[in-house]
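Structural overview for review
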Amino acid sequence: MFMNRENDTIAAISTAPGRSGIGIIRISGSEALNIADGMIVTKSGKKLDIQGQPSHTVKYGFFSDGNEMIDEVLITVFRKPRSYTAEDTVEISCHGGSFILRRVLSHIIKNGARAAEPGEFTRRAFLNGRIDLTEAEAVMDVISSSNEFARKNAVTLLRGGLYKKIIILRDEIIHETAFLESALDDPEHYSLDGYPSQLRVKVSEMIGEIEELLSGADTGRILKSGIKTAIVGKPNVGKSSILNLLSGENRAIVTDIPGTTRDVLSSEVLIDGIPLILSDTAGIRETGDKVEKIGVERSRETIEKADLCLFTVDSSSEINSEDMEIFDHIMSLGKKCIVLLNKTDLRSDRDHHFNFSCPVIDFSVPEEMGLKELRETVSEMFLSEKLKTDEEIFVSCERQLTELRLSRDSLELVINSIDDNMTEDFFTSDLMDAYTHLGNVIGESTDEDLFDRIFSEFCMGK
Amino acid sequence: MKTLIRDYESAVIGAGHAGCEAGLALARLGIKTIVFTVSINSVAMMPCNPNIGGSSKGHLVREIDALGGEMGKNIDKTFIQSKMLNSSKGPAVHSLRAQADKEDYSRSMRQVLEGQDNLTLKQAEITELLTENGEVKGVKTLTGMVYITKAVVLCTGVYLKARCLCGEAITNTGPNGLKAANSLSDSLIKAGVEIHRYKTGTPARLDGRTIDFSKMAPQYGDVPVVPFSFSTDPSTVQKEQVPCFLTYTNETTHEIIRGSLDRSPLFAGVIEGTGPRYCPSIEDKVVKFPDKNRHQVFLEPEGIHTNEWYVDGMSSSMPEDVQLRMYRSVPGLENADIVRNAYAIEYDCFKGIQLKHSLEFKNVKGLFSGGQSNGSSGYEEAAAQGLIAGINAAMFIKGREPLIIDRSEGYIGVLIDDLVTKEGFEPYRMMTSRAEYRLLLRQDNADRRLRRKGYEAGLISDSELQALNEKEKLIFSEIERLKGITVGASASISEFLLSVGSTPLVTGASLEEIIRRPELSYEKIAPIDPDRPELPPDIIEQINIEIKYKGYLERELRQVEQFKKLEKKRIPTDIDFTRIHGIRLEAQQKLNKFRPENIGQASRIQGISPADIQILSIYLDAKDKSRFEESHT
């Protein structure tokens, strides 16, 4: 593990998210140019030659993941040793917010770079003799304190089942491995007859659990795919205009997701760097009309899948039992909810006195009122204050997800070996790899405790 | 007046499994060598289990043989049963184990030593190591003779200040009542050697005439027998074998033990040494696994000219009366008589971290150590170290580079690296799971891994090397041939594949690709490969392994490449780690204590972080080192 960390190629977002529209992704290492090559194309889809791009020059193009153009970018090449790390470095300046940056980074990692550890660029710069100890120390101090914080935060994020699950998974894996090794060492004492098929079942379950962790890891998913947000309410309370307002404000970076239906319209927007996938649902009310019924049914499904409901009421008229029924429905599903008191501009009495068990915001589309509050409330709900401003948390989350994926991959190798009728001695090392990767997720690795190693132990010269 | 004897260039202290290999290696490399033993009748004695090999230990024996050691050849001459363990598993964990005729084994090895040029066998207790300015000068015997030598190899096994315990009866003797070496430890401590105390034990030997074997399950050897040594002609080892027998302890046994724990030196706190967790006494097992209602017991013959049977699985330090009741509670042993009691033994051994990978002491030039006295356990582990210590003592005298086997080259490398880089706290036993590159370090390819190293050292003859080269040529050319033959998806081929439980081809494929199918092998596809040459079984085994496990082997080879990079980064011997700015204080001190020889080794020391290693490697690469150095004022 540690061995190939010495000179592989690393990548990370090197600007704080949510602060500005522009973010930079840095790739550093011997493969940096190679990895970036082919990802940048001209508007017409022609590949730009990054390998041949001279040092310290900037090119304009589009970042493509092979299927679609993700963003309009500027790409800067720094050839070794004249870069921050003294290695070959590529910097990609993106225009999208953190959602776009995540997609770009994710594609780069898929193509051979490793998610950089916190402070790793600086460490490399120091180790490569690019910066001296005093400079490095100052930078590392900052990074190490923010990382300490990220570590705590990340662990907190993992709690609520996740952390415990990993502990249990690791325990199961080490138990199985110890048993297999004992049997291999003392074959006259322990028999492994029929054991691989039992193990296969167990390992499949473990993979299933890791998949669940991967899909359920809130921050990971939010950063990757956005917060699924349903705009819910009776017909004609102004849901569509709210959708248009939210999308319109971010028109430059909105992507319409294809395949939306007439009755559930979706749109992707960024609020403070957090991607929201907005769904405008058909108004919900009890109806006998067949066509309308289908729409209502779909709306209910959308609510069920949503991470967040923007419950919209027309505050210029009475809030009736029909509204409350919908609200109760949202609550009964345990959904996060924000109440938008729409059409506030038409209301004579501006002090509302509605009683909801969740945040309530006065909203007006024509007056563009309530946008700021909505942004703040969403931020508060989904990202802790620290997370919002801390660059490093994103890095460590990506790292954690990477480790989870690696542990799943190792376990899949175990399954492959069992399916190929390979005997136990071929896959115990894969089990141990899975164990190590899971340990890395929670910072409890056998020999590779990355957080401790790099941050509490890398205290240069103190 | 002292008599100084200057006839020998090197002295080996001890003639157990390590001492024999060390003495033979030295003498065979042209070094005039004297091998001392406290009892001339105990050369290559097997004081515990009557077998050689077993899981991972079989690998060691093969490696010893590949390098030019004697153990494999000697067991091939004297075994009475042989078995390939784990033969249903992958080739990496196949392990050969042979029951030895103990007397024959010892006698045969003694004959080899006695017939070896440059080697003198001498019965004498060494009481003193002579050093001067951190260099070995020679040794002194109990009877006052002084031998002046250039190198000394310590192979003292379990004899230093040995103490045997059988219940309340405690004697200051070595194994089997042999004389302990009571003075040498103090002399070594004076020379700067750090010592700690370990413990091990052995079960009783029973009179075969009093054992009812009909109540036990016989365990037979393999037919045909595979020899240990790459130089042994397989036809010479096909002989009649004797069985071992399997029985079990029961709740009565466990009750007897539980009822007498207060009389066990182990539980009464009389034993000070640390025992091995993997080889517990029966009282240990009963206490630690209270839920197990029975434990396996193997009855193994000590030889074919004796009635004595070894009770594998029931080592003990209980008093004799408890032992007798305990053994007699086991089915088949109801009337058994004990010939020799079980006992525990405590002994002084050396902290492995004082040694270099060459097995020379870091702080005493010319002093080498190999065997159980380095904190290992087992005949095979001892022999492997004895061989390396002997070879490197010879290299030292000749002024040549030491022979180092690294972790990617052999179990011997894993064994020695673990002993010298990890602070052990119990006797070290080899296990296949200790080897990171297990799939590459197989017992079947030990010759391909290590013969050339043995040749370079000078222990492998031209003809033995020639034989290896020819073997490899056959393997390579046959694999190439198989790659070159493509068969089409014809009806006859499909029919054949179906007949051997495989599936028909969709497109053409090479014979190599067909062999790779899990259900097929080189042998199985013979009917569709009529022009194949006649090849011996060991060649076919290599072809099968290389083709069938290609993906796995290549993956490990890539890992080895990474590993080698770090092993090649040498650290100068005169480096002061405490001066390197940026390495943590704790790590600086550890590094100064261990004095690793290369970056890879440094990275395996417990408590050294990747960050420390990175700074260290940058420091070593830096042209201007002062940039990283702290001034000590």
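None of these values were measured; they are calculated from a predicted model.

What about the domain arrangement of chain B?
Segmenting chain B into domains produces domain 1 (4–199 + 347–457), domain 2 (205–346), domain 3 (462–553) and domain 4 (569–631). Domain 2 of chain B and domain 4 of chain B are separated by 48 Å when their C-alpha centres are compared.

Looking at the pattern of salt bridges
Residue and element names in this part refer to chain B. A full pass over the atoms with the stated rule returns 65 salt bridges over all chains. In this structure, the salt-bridge partner of Glu70 is Arg28, at a minimum N-O distance of 2.7 Å. On the criterion of sequence distance, the pair formed by Glu70 in the loop between helix H2 (57–67) and helix H3 (71–78) and Arg28 in helix H1 (residues 17–28) is long-range, its members being 42 residues apart. Look at Glu70 and you get buried, because its relative accessible area is 5%.

Topic: the sheet that holds strand E8 (residues 126–132) of chain B
Residue and element names in this part refer to chain B. Sheet architecture is open: four strands sit in the order E1-E10-E9-E8, paired in mixed fashion. Here the strands that pair on one side only, and so sit at the sheet edges, are strand E1 (3–5) and E8. Here the average twist between neighbouring strands, direction ignored, is 30°. Examined bridge by bridge, strand E9 (residues 135–141) and strand E10 (residues 145–148) share three bridges and lie antiparallel to one another. Bridge pairing links Lys140 to Val146 in E10.

Digging into the environment of Ile391(B)
All names here are of chain B. Mapping Ile391 onto the fold places it in helix H9 (residues 379–398). Residue Ile391 is classed as buried on the basis of its relative accessible area of 0%. Along the primary structure Ile391 and Cys164 are separated by 227 residues, whereas in three dimensions their C-alpha atoms are 33 Å apart. If near-sequence neighbours (up to four positions away) are discounted, Ile391 is found in contact with Ala25, Leu29, Leu403, Ala457 and Leu459.

Here we look at the environment of Glu302(B)
Residue and element names in this part refer to chain B. Relative to the assigned elements, Glu302 resides in the loop between strand E17 (296–301) and strand E18 (308–315). Classification of Glu302 by relative accessible area gives buried; the value is 5%. Remark: the alpha-carbon pair of Glu302 and Glu360, spanning 58 residues in sequence, is separated by 35 Å. If we ignore the near neighbours within four places in the chain, the residues touching Glu302 are Cys48, Pro50, Ala100, Asp101, Lys102, Arg205, Glu308, Trp309 and Tyr310. Within the structure, the side chain of Glu302 is placed 2.9 Å from the side chain of Lys102, a separation counted as a polar contact.

Some details on the pairing of strand E11 (residues 308–314) of chain A
All names here are of chain A. Summarising burial for E11: seven of the seven residues are buried, a large majority. Burial along E11 is two-sided: the face carrying Leu308, Leu310, Thr312 and Asp314 and the face carrying Cys309, Phe311 and Val313 are both buried. As paired elements, strand E8 (residues 227–232) and E11 share four bridges and run parallel to each other. Within E11, the position partnered with Val232 by the bridge is Phe311. Judged from the seven bridges that link them, E11 and strand E12 (residues 336–342) form a sheet pairing that is parallel. Residue Val313 lies in a different strand from E12, and its bridge partner there is Leu341. The parallel pair E11 and E12 is bridged by helix H10 (residues 321–332), and the resulting crossover is right-handed.

About the criteria used
Residues numbered from 1 in each chain as written. Chains lettered and ligands numbered in written order. Predicted model: local features only at pLDDT ≥ 70, side-chain atom pairs only at ≥ 80, totals over all residues. Heavy atoms only, no water. Domains from an automatic or database assignment. Salt bridge = Lys/Arg side-chain N within 4 Å of Asp/Glu carboxyl O. Helix = DSSP H or I, 4+ residues; strand = E, 2+ residues; numbered from the N terminus. Buried < 20%, exposed > 50% of the residue type's maximum accessible area, 1.4 Å probe, protein only. Pairing = 2+ DSSP bridges. Axes fitted to C-alpha atoms, helices over the stretch in contact; angles between N-to-C directions. Contact = heavy atoms within 4.5 Å. Polar contact = N/O pair within 3.5 Å; in protein donor to acceptor, adjacent residues only side chain to side chain. Right-handed = clockwise from strand over helix to strand, strands pointing away.

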